[in-house]
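# Understanding the architecture of this molecule
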Amino acid sequence: MTDTTKLIQEHRSIRKFKDKSIDNEILQNLFLSAQSASSSHNVQAYSIILVKDQEKKDSISKLAGEQEWIKKCPVFLMFCADLYKMKTACEMNNAPYALDGIENLIVGIVDTALVAQTFLISAESYGLGGVFIGGIRNDTAKVSEILQLPEYVIPVAGMALGYPDENPWKKPRQPLDIVVHEDTYKIDKIVPGLTEYDRITSEYYFKRTDGDKDKGWTQLMTEYLADERRLHLKQFIIEKGIKII
Ligand SMILES: Cc1cc2nc3c(=O)[nH]c(=O)nc-3n(C[C@H](O)[C@H](O)[C@H](O)COP(=O)(O)O)c2cc1C
């Protein structure tokens, strides 16, 4: 196994950090790594906001559901889909632009996810750890106000980053059998695969919580999907200038 493969397969989200800052030189390297991710048509439809200000971190922690690790991490980052630079490129050339529709939004969100994950892998190679924060989408308008995000810029996910002060267990993933299909999608494998995954996850949570929790993945999904989530997002995106046509 290559060192990089080993590093990637050892990933765990980290939510407790040492009181140790991250060298600026390391951070700059992480940004350069992140930027090296592939990008659809090289549009590079993303921006990263490095949040240093404690008040801003506190406010973001609050709106993300009081996630303590946002307050306490030495570095917090906001990964944003950024169509503003695409729009500006057209304006600089006095050209009309067609930015509306789902396609450009997908381009921006995919680019942003690739950049964020590449950043985290690079960070982990320096002995850092982190956790993505989707909780920021609880109130994207407020995030936008705090970070002064212009039109056409959508916060996708945050990341709390620092030197790990915990060593959590690796979370089991779905059996490869229902993740990778050869030639055609093997629908008949899904229920047996998920049944097996229920057994694995239930055992994992039982051991990890000393018997307190033992729900399997499908049960956790029924809870996750019981209600519609973050319905304000569509309106937020429209208000940012992107018509979802
Ligand atoms: C886009 C995204 C958003 C996430 N949001 C949160 C979050 O708001 N809070 C949190 O504690 N973990 C969050 N996570 C972390 C996931 O819960 C975690 O990656 C998953 O449970 C798998 O665990 P692992 O990363 O330790 O393997 C998020 C992960 C992703 C990819």
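The structure under discussion appears in the preceding block.
What you are looking at is a predicted structure, and each value in this text was computed from that prediction instead of being measured.

This brings us to the site of the ligand. In the vicinity of the ligand, 13 residues are found, and the nearest of them are H11, S13, R15, G134 and K171. A distance of 2.8 Å separates a nitrogen atom of the ligand from a polar atom in the side chain of Q67. At a separation of 2.7 Å, an oxygen atom of the ligand approaches a polar side-chain atom of K171. Contact with the protein chains covers 67% of the free accessible surface of the ligand, which is 620 Å². It is strand β3 (residues 129–133) that contributes the most residues to the shell around the ligand, three residues altogether. Of the residues that constitute the shell around the ligand, the class distribution is four nonpolar, five polar and four charged.

All right, on to the side chain of D111 then. For D111, the position within the fold is in helix α6 (residues 102–125). Within the structure, the side chain of D111 is placed 3.0 Å from the backbone nitrogen of S40, a separation counted as a polar contact. One polar contact links the side chain of D111 to the main-chain amide nitrogen of A45, over a distance of 3.2 Å. The contacts of D111, once residues within four sequence positions are left out, are S38, S39, S40, V43, Q44, A45 and Y46.

Once that is clear, we can look at the sheet that holds strand β1 (residues 46–51). Read from one edge to the other, the open sheet built from four strands follows the order β1-β2-β4-β3, with strand pairing classed as antiparallel. For this open sheet the edge positions go to β1 and β3, each flanked by a neighbour on one side alone. Across the sheet, the mean angle from the axis of one strand to that of its neighbour is 25°, orientation sign disregarded. Bridge analysis of β3 against strand β4 (residues 153–162) gives five bridges, and the strand direction is antiparallel. Residue pairing in the sheet places I133 in a bridge with G158 of β4. Along the sheet, helix α2 (residues 24–35) contacts β1, β2 (75–82) and β4; its crossing angle with β1, the most-contacted strand, is approximately 160°.

Cut-offs and rules
Residues numbered from 1 in each chain as written. Predicted model: local features only at pLDDT ≥ 70, side-chain atom pairs only at ≥ 80, totals over all residues. Heavy atoms only, no water. Near = heavy atom within 4 Å. Polar contact = N/O pair within 3.5 Å; in protein donor to acceptor, adjacent residues only side chain to side chain. Areas by Shrake-Rupley, 256 points an atom, 1.4 Å probe, with all protein chains shown as cover. Helix = DSSP H or I, 4+ residues; strand = E, 2+ residues; numbered from the N terminus. Nonpolar A, V, L, I, M, F, W, Y, C, P; charged D, E, K, R; others polar. Contact = heavy atoms within 4.5 Å. Pairing = 2+ DSSP bridges. Axes fitted to C-alpha atoms, helices over the stretch in contact; angles between N-to-C directions.

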